[in-house]
Each structure stands twice: as structure tokens, then as C-alpha cells.
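Close look at the chain arrangement
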Amino acid sequence: MTTPFGARLRAAMDARGPLCVGIDPHASLLADWGLDDDVAGLERFTRTVVDALAERVAVLKPQSAFYERFGSRGVAVLERAVADARAAGALVLMDAKRGDIGSTMAAYASAYLDPSGPLFSDAVTVSPYLGFGSLRPALDAARAAGAGVFVLALTSNPEGAEVQHAVRPDGTTVAASVLASLKAENAAEAAGGRLGSYGAVVGATLGGAAGEAGADLAIDGPLLAPGIGAQGATPADLPAVFGPAVRNVVPSVSRGVLRHGPDVASLVEAASRMAEEVRAVAE
Ligand SMILES: O=c1ccn([C@@H]2O[C@H](COP(=O)(O)O)[C@@H](O)[C@H]2O)c(=O)[nH]1
């Protein structure tokens, strides 16, 4: 039987440090790296990041949007990146933020969480705003494949609060309800103190917002924390945002590391420095 994602993630965090580096080939970064904003530039950028970091960091998180904008040839670059990164030992979290009615969600689950598919990833980000129950096909596909799912709960952008802090008829906020649903999904797997495979996305930029939203971050699963670097958060912010749940946090940085390329040694050094900083606050 395949080892569940949560266990594989915990092992990777222990061995490599709890860091996720995002692969976000912005047009501006391609230009900064001296690359053209075309498929060849996209491919060179992606290969450089994967070759530099896939043997070192716990998680690589390609941002699907930057590949989709080049159509099928961009997606082919993404497929290769996923395979190469996994072969080099990184866990791949596909940042696709998919969400739809259940029957269509099943097709998204097949795209990212079926081990025979070309985009199969260790985990995928999904959006719960068609109702948490609409995610069932992805949750079930992940369980079957030993993969993971990260559900948007309290996102790093300032606009997120207008939806995520909204109060439901039962008096709880939308975010609190998403987190409670994730805790329930993790219950069986997390028995005995193990990390579950169902994670939440909670921005490192939030300050005390999780508390304001009545959100309990003790979901027994991983907490992906984007927002460090270009969005203004730092590793030092993590304890205040996450409290005792900081041990389960996977801080995520894209531009804050990528801006150090294309020099491989500089990319590696930036990622190592960040991994050390987050390890220091997570212990
Ligand atoms: O709440 C969220 C959810 C996802 N993201 C994604 O993470 C990266 C952040 O990139 P940076 O360059 O480190 O700002 C990007 O792919 C976002 O789509 C997020 O920022 N916030």
C-alpha cells in the first residue's frame, strides 16, 4: 500500500526542512533571468529551478496558471517538471486551485490525483467555494492514491476575508467550517499523532486574522503558508499566525527565492537560508 501523503510530507519536512518553493514563471522573472517570454524561456526557467532545488527542498509547488498561459506546449513543460521533480525526491504540490460541482471535480481529481495521469502530483490545491462536499471526489481520489489535497481556508490576499470571514447560519465563519471539515477528514489517518493528508491553505500574512475568524488551525493536517517574501510576510511572523500548529506549517515562497536566479548557487543559497529560518521558528 502507498504511504499516505501526510506521512511522506512529515518525513520530507524532517529530512529537508519544512519549506515549499513555488515555481512561478512570471513574465517579469523570465525577463530578469534574461529569458524570452515564450515556451523556450518557460522551459529553461523551470528546468533551472527543478535541477537546482528538487534534491534539496521538501516541496516544489508549480503554479499551473503560468504554464496554462502557453497552452498545450506550456502544459507539456509542466508535465515534465512534475516528473523530474518527483524523480529527484521533491514532493510536488500542484497549485491549480480547482473547484467545481462534484461531477466535474471528479475529472479534476482524475487529472491531478490519478497515478496513471501525466500531471499526477503528490498533492493539489482546491477551492471549497462550491461547498466543501463538492470536493469529495478529490478527497477520495487522494486517499486512494496516497496523495494530498490542500483546501483554501484563509488565503494570503487581503480580499479573501470578505468570503472567508463571512458568518454562516450556524454562527461559524466559512473559514472555521472549512478547517473543521478538514480535521474530520484527517481523523482516521492522524490517530497516534501522525500528520493527515488533508491540508489547509492559511496565509503567512494573516497576523491575528485566524483568531478573528474563529478558526481552529489544529486540523491534524499540514498548513500551507504562502505569503512569505514578495507578499511581505517573514518566517518570524509564523508563530503569531499559527500558534501551536506551527509544527505542521509548510511555509511557501516563490518570488522571494526565484528572484535570486538564474545563478544556481544563488538559488540554492536562498532556498537553504529560507529553510533554516523557517526550521528555527517551527521547532
Ligand atoms: O492564499 C494563497 C494561496 C496561494 N498562493 C499562491 O502562492 C504563490 C505565492 O507567490 P509569491 O511569489 O511567494 O508571492 C502564488 O503562486 C500564489 O498563487 C498565494 O499567494 N496565496
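Residues numbered from 1 in each chain as written. Predicted model: local features only at pLDDT ≥ 70, side-chain atom pairs only at ≥ 80, totals over all residues.

**A few points about the overall build of the protein**
If you tally the helices and strands in the protein, you get 13 helices and eight strands. On C-alpha atoms alone, the protein measures out to a radius of gyration of 18 Å, which is about the 19 Å that the 2.2 N^0.38 rule sets for 283 residues. On the principal axes, the C-alpha backbone points of the protein span a range of 55 × 40 × 35 Å. Excluding contacts between residues fewer than 6 apart, the proportion of contacts in the protein whose partners are at least 24 apart in sequence is 74%. (Helix = DSSP H or I, 4+ residues; strand = E, 2+ residues; numbered from the N terminus. Rg over C-alpha atoms; globule rule 2.2 N^0.38 Å. Contact = placed C-beta atoms within 7 Å.)

**Brief notes about the UniProt feature "domain: Orotidine 5'-phosphate decarboxylase" (unreviewed entry) in the protein**
In the numbering adopted here, UniProt assigns the feature "domain: Orotidine 5'-phosphate decarboxylase" (unreviewed entry) to residues 18-270. End-to-end, the C-alpha atoms of residues 18-270 are 14 Å apart, and along that stretch the chain is 42% helix and 16% strand. (UniProt positions renumbered as here; feature names shortened; annotations may be inferred.)

**Here's the deal with the packing of helix H3 (residues 39-53) against helix H5 (residues 71-87)**
Two elements in contact, H3 and H5, have axes whose closest approach is 10 Å; the angle formed by their N-to-C orientations is 10°. Relative to H5, the element H3 lies roughly parallel. Facing Val39, Leu42, Glu43, Thr46 and Val50 of H3, the residues of H5 in contact are Arg73, Gly74, Val77, Ala81, Asp84 and Ala85. A per-class count over the contact of H3 with H5 returns six nonpolar, two polar and three charged. (Axes fitted to C-alpha atoms, helices over the stretch in contact; angles between N-to-C directions. Parallel < 35°, antiparallel > 145°, perpendicular 65-115°, else oblique. Nonpolar A, V, L, I, M, F, W, Y, C, P; charged D, E, K, R; others polar.)

**Things to note about the sheet that holds strand E4 (residues 123-126)**
A barrel is described by the order of its strands in space; here eight strands give the closed sequence E1-E2-E3-E4-E5-E6-E7-E8, paired in parallel fashion. Recorded for the sheet is a direction-independent mean angle of 30° between the axes of neighbouring strands. In this sheet, strand E3 (residues 91-98) lies alongside strand E2 (residues 59-62) in parallel orientation, the contact comprising two bridges. Along E3, the bridge assignment pairs valine 59 with leucine 91. (Pairing = 2+ DSSP bridges.)

**Observations regarding the environment of tyrosine 112**
Structurally, tyrosine 112 can be placed in helix H6 (residues 102-113). Along the chain, tyrosine 112 and threonine 125 lie 13 residues apart, while their C-alpha atoms are 9.9 Å from each other. Not counting residues up to four positions away in its chain, the partners in contact with tyrosine 112 are Met94, Ala96, Leu119, Phe120, Ser121 and Val124.

**Considering unusual backbone geometry**
Negative phi characterises most residues that are not glycine, and trans characterises most peptide bonds. Residue proline 262 follows glycine 261 across a cis peptide bond; omega there is 5°. Its location among the elements puts proline 262 in the loop between helix H12 (255-258) and helix H13 (264-282). A positive phi angle is found at lysine 97, which is not glycine, with a value near 50°. Relative to the assigned elements, lysine 97 resides in strand E3. Judged by local crowding, lysine 97 falls into the partly exposed class, with 17 C-beta atoms found within 10 Å. One non-glycine residue, aspartate 220, adopts positive backbone phi at about 65°. Structurally, aspartate 220 is set in the loop between helix H10 (209-212) and strand E7 (223-226). (Buried ≥ 20, exposed ≤ 12 C-beta atoms within 10 Å, placed from the backbone.)

**Some thoughts on the UniProt feature "active site" (unreviewed entry) in the protein**
As annotated by UniProt and renumbered to match this structure, "active site" (unreviewed entry) occupies Lys97. Setting aside anything within four residues of it in sequence, one finds lysine 97 in contact with Thr125, Val126, Ser127 and Leu152.

**Observations regarding the nonpolar core**
If you look at the biggest cluster of nonpolar residues, it comprises 96 residues, and the most contacted ones within it are Leu60, Val151 and Ala200. No other element matches H13, which puts seven residues into this core. (Core = buried A, V, L, I, M, F, W, Y, C linked by C-beta atoms within 7 Å.)

**Notes on the packing of H6 against helix H7 (residues 136-145)**
Where H6 contacts H7, the axes come no closer than 7 Å and their chain directions differ by 30°. On the basis of the axis angle, H6 is roughly parallel to H7. Relative to H7, the crossing made by H6 is right-handed. Here H6 contributes Gly102, Met105, Ala106, Tyr108, Ala109 and Leu113 to the contact with H7, which in turn contributes Arg136, Pro137, Ala138, Ala141, Ala142 and Ala145. Of the residues in the contact of H6 with H7, the class split is 10 nonpolar, one polar and one charged. (Left-handed = near helix turned anticlockwise from the far one by under 90°.)

**Topic: the environment of glycine 6**
By the element assignment, glycine 6 lies in helix H1 (residues 5-16). For the pair glycine 6 and alanine 123, spaced 117 residues apart in the sequence, the C-alpha separation amounts to 10.0 Å. In this view, glycine 6 contacts Gly148, Glu189, Arg194, Leu195, Gly196, Ser197, Gly221 and Pro222; residues no more than four positions away in its chain are not counted.

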